[in-house]
Amino acid sequence: MKECPQQNLIVDYVFRELDTKTKTEFEAHLKSCQSCQQQLREFKAAAPVFQKARRIHHPKRPAQNYYKTLKENFYPSMSLAQRIHEWAADFFLTPSIAMRVAQAVAMLVVGVFLGRFLFFQEPIPVAVKNETSPILAANVSDQFLRHYLQETEMILLDVANTNPAEDRQILSSVKQLAIYRQLMQKTILCREHAEELNDDVLANLINEIELILLDLCNTEDENLIETLQNVRRQIKDSHILLEINSVESRGI
Amino acid sequence: MKKDPDAKLVKKAKMGDSKAFGRLVRRYQKKALYLAYDMVGNYTDAQDIAQNAFFQAFKNIRSFQEKSTFSTWLYRIIANAAIDFQRSKKRRQASSLNQPAYDEDQQIEVMDTLPETGYSVAEKIERADLSRLIRELAEQLPPQQRAAFVLKYFHEKTTAEIAEILSCDSVTVRGHILRATLKLRKKLKDER
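J.: I would appreciate a short explanation of the overall build of chain B in the present structure.
T.: Secondary structure assignment for chain B yields 8 helices and 0 strands. Of the regular secondary structure in chain B, the N- to C-terminal order runs α-α-α-α-α-α-α-α. Residues counted as buried form 50% of the 192 residues belonging to chain B. Relative to all contacts within chain B whose residues are 6 or more apart in sequence, the contacts with residues 24 or more apart total 62%. With the model as given, the accessible surface of chain B reaches about 9,800 Å², and the carbon-plus-sulfur share is 49%.

As structure tokens, then:
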């Protein structure tokens, strides 16, 4: 059979080294060339057999002198210190891109850790805040009581209209808790004032307010939704907002 | 040309850093020996060839222009040395026909060459026998053909890489591989 000038491409075709265009052209040629078809069949049958022969086990014994000579001439054994030095030089002086990325990440982590450790300040506890602005019993007056009722009414209205799922962050915030606690302090003072005035309706109202505020003050992230739902129910069931309104309109 | 994974070490070695060259040697000493062995067929000569290749590479590293990868350059040195060795061996054999074709001291027991894989002993022996037979038959190929054959099948080089190593064009390499494969297939059939 006459030799085809394209038959050499069989090698790259079988080993999948042809680019797409040449491959397509060669496949088209194969259809019409019997010589190439024959060669391809034979080559395909032989190639895997020869590839298997690659996996010969090379024994170390005959090559020991070779490795010894190379070692003596090119890489005499290094001490541990030298090995460490070499490794460190690779790591710090000529790092690969992957190593540089790893170094950057490590530095970032260390930076964040140190930053948190050195500069992060705990928020001032609410109790301490309250202590810095004590409400003196001497200041309690009828006007103070009216302000207290207005303030309480607004807070309770807010709570009644709040959706716990959406306003979770606001309700559990330190600032909000501080307001509730401040109101609690005022509640105690106002109740005393109400008792002094012999106003039982007002004293009862303040007692009810105290219970609700107590719940609000004890609100924590874990029980936020549950507590708020209770408080909202309490506000609704006790008609406390209505009562506050009626006391306000009646006058103290 | 693909990026040379040894580029950094080569640069250092070029500047006279013998440790860098030592690391290149460590990296390629096995492959160099195996290539030389695959091309000449015995360990004594393979060791000499691979060893000399490293000495030559060390001597000429400054003139290495990095147009190819270091491994291709080293393979070229080994392949050229092995081809020259085979040619001179043939001449020697022609002048003294009584000399044995290989160094009998270096013959390895069949059991030594068994690959440590999950094959049964019978399979291992069969595979080892076949490997040995193919390698023996490959010895009969002309040096260039044998080099192309060995690089393709035993060292998994692409045609382009073989062309670089043997300093010839891809068409010649394909021709060598095709002819060597078909020739050995026929011989293998006859032997079996």
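J.: How do you make sense of a negative patch on the surface when you look at a structure like this?
T.: Residue and element names in this part refer to chain A. Together, Glu 192, Glu 195, Glu 196 and Asp 200 give the surface a local cluster of negative charge. Among the elements that line the negative patch, the one with the most residues is helix H10 (residues 174-196), at 3 residues. For Glu 195, a relative accessible area of 49% corresponds to the partly exposed category.

J.: Help me understand the side chain of Glu 210 of chain A in this model?
T.: All names here are of chain A. Within the secondary structure, Glu 210 sits in helix H11 (residues 200-217). Overall, Glu 210 belongs to the buried group, its relative accessible area being 18%. Side-chain polar atoms of Glu 210 contact the side chain of Arg 191, separated by 2.3 Å. Not counting residues up to four positions away in its chain, the partners in contact with Glu 210 are Met 184, Thr 187 and Arg 191.

J.: When you look at the pattern of salt bridges in this model, what are you seeing that I'm missing?
T.: Where charged atoms of side chains with opposite charge meet at close range, the side chains can pair. Counted by the stated rule, this structure contains 9 salt bridges over all chains. Between Arg 174 of chain B and Asp 12 of chain A there is a salt bridge, with the nearest N and O atoms lying 2.7 Å from each other. Linking Arg 174 of chain B in helix H8 (residues 170-191) with Asp 12 of chain A in helix H1 (residues 9-14), this pair reaches from one chain into another. Owing to a relative accessible area of 15%, Arg 174 of chain B belongs among the buried residues under this scheme.

J.: In this structure, what is going on with the interface of chain A and chain B? I would like to understand it.
T.: Each partner contributes to the interface: chain A provides 42 residues, whereas chain B provides 53 residues. Between chain A and chain B the total buried area reaches about 4,400 Å² when both faces are included, carbon and sulfur atoms providing 62% of it. Along the contact surface separating chain A from chain B lie 3 salt bridges. For the pair chain A and chain B, the number of links is 7 residue pairs in polar contact (both at pLDDT 80 or more). When residues in the side of chain A that touches chain B are grouped by element, the largest group, 10 residues, is from helix H3 (residues 34-52) of chain A.

J.: I tried to follow helix H12 (residues 224-238) of chain A on my own but got confused; where do I start?
T.: Structurally, the α-helix is built with 3.6 residues per turn, so residues lying three or four positions apart point the same way. All names here are of chain A. Taking 1.5 Å as the rise per residue, H12 with 15 residues should run 21 Å; its terminal C-alpha atoms sit 21 Å apart, in good agreement. Every buried residue of H12 is accounted for by Leu 224, Thr 227, Leu 228, Val 231 and Ile 235. Looking straight down H12, one finds that the buried residues subtend no more than 95° of arc, so they occupy a single side. Exposed residues lying more than 90 degrees from the buried face of H12 are Glu 226, Lys 236 and Asp 237.

Scoring rules and cut-offs
Within any chain, residue numbers begin from 1 and follow the written order of that chain's sequence. As a convention, the first chain written is A and the first ligand written is 1, with the rest following in written order. Only residues with pLDDT of at least 70 are given local features in this predicted model, and only at 80 or more are side-chain atom pairs given and counted; all residues enter the totals for whole chains, interfaces and linings. Remark: hydrogens and water are excluded; side-chain values derive from all non-hydrogen atoms of the structure. Helix and strand assignments come from DSSP, with helices taken as H or I runs of at least 4 residues and strands as E runs of at least 2, each series counted from the N terminus. Three exposure classes are used, based on accessible area relative to the maximum for each residue type with a 1.4 Å probe and protein chains only: buried under 20%, partly exposed in between, and exposed over 50%. The contact criterion used throughout is that any non-hydrogen atoms of two residues lie within 4.5 Å. Accessible areas in this description were obtained via Shrake-Rupley with a 1.4 Å probe; residue shielding takes into account the shown protein chains only. Patches in this entry comprise residues that are over 30% relatively accessible and not in a salt bridge; like charges within 9 Å are linked, as are nonpolar side chains (Val, Leu, Ile, Met, Phe, Trp, Tyr) within 5 Å. Between Lys or Arg on one side and Asp or Glu on the other, a salt bridge is scored when a side-chain nitrogen of the former is within 4 Å of a carboxyl oxygen of the latter. Charge counting follows a simple rule: Lys and Arg are positive, Asp and Glu are negative, and His as well as the terminal groups are ignored. To locate a charge, take NZ of a lysine, CZ of an arginine, CG of an aspartate or CD of a glutamate. Two N or O atoms form a polar contact when they lie within 3.5 Å of each other; inside protein one atom must be a possible hydrogen donor and the other a possible acceptor, and for residues adjacent in sequence the pair counts only when both atoms belong to side chains. Reported buried area values correspond to the accessible surface (1.4 Å probe) lost by two parts on association, with both partners' losses combined. An expected span of 1.5 Å times one less than the residue number is assigned to each helix. Summarising the geometry, the arc corresponds to the directions from the helix axis toward the C-beta atoms.

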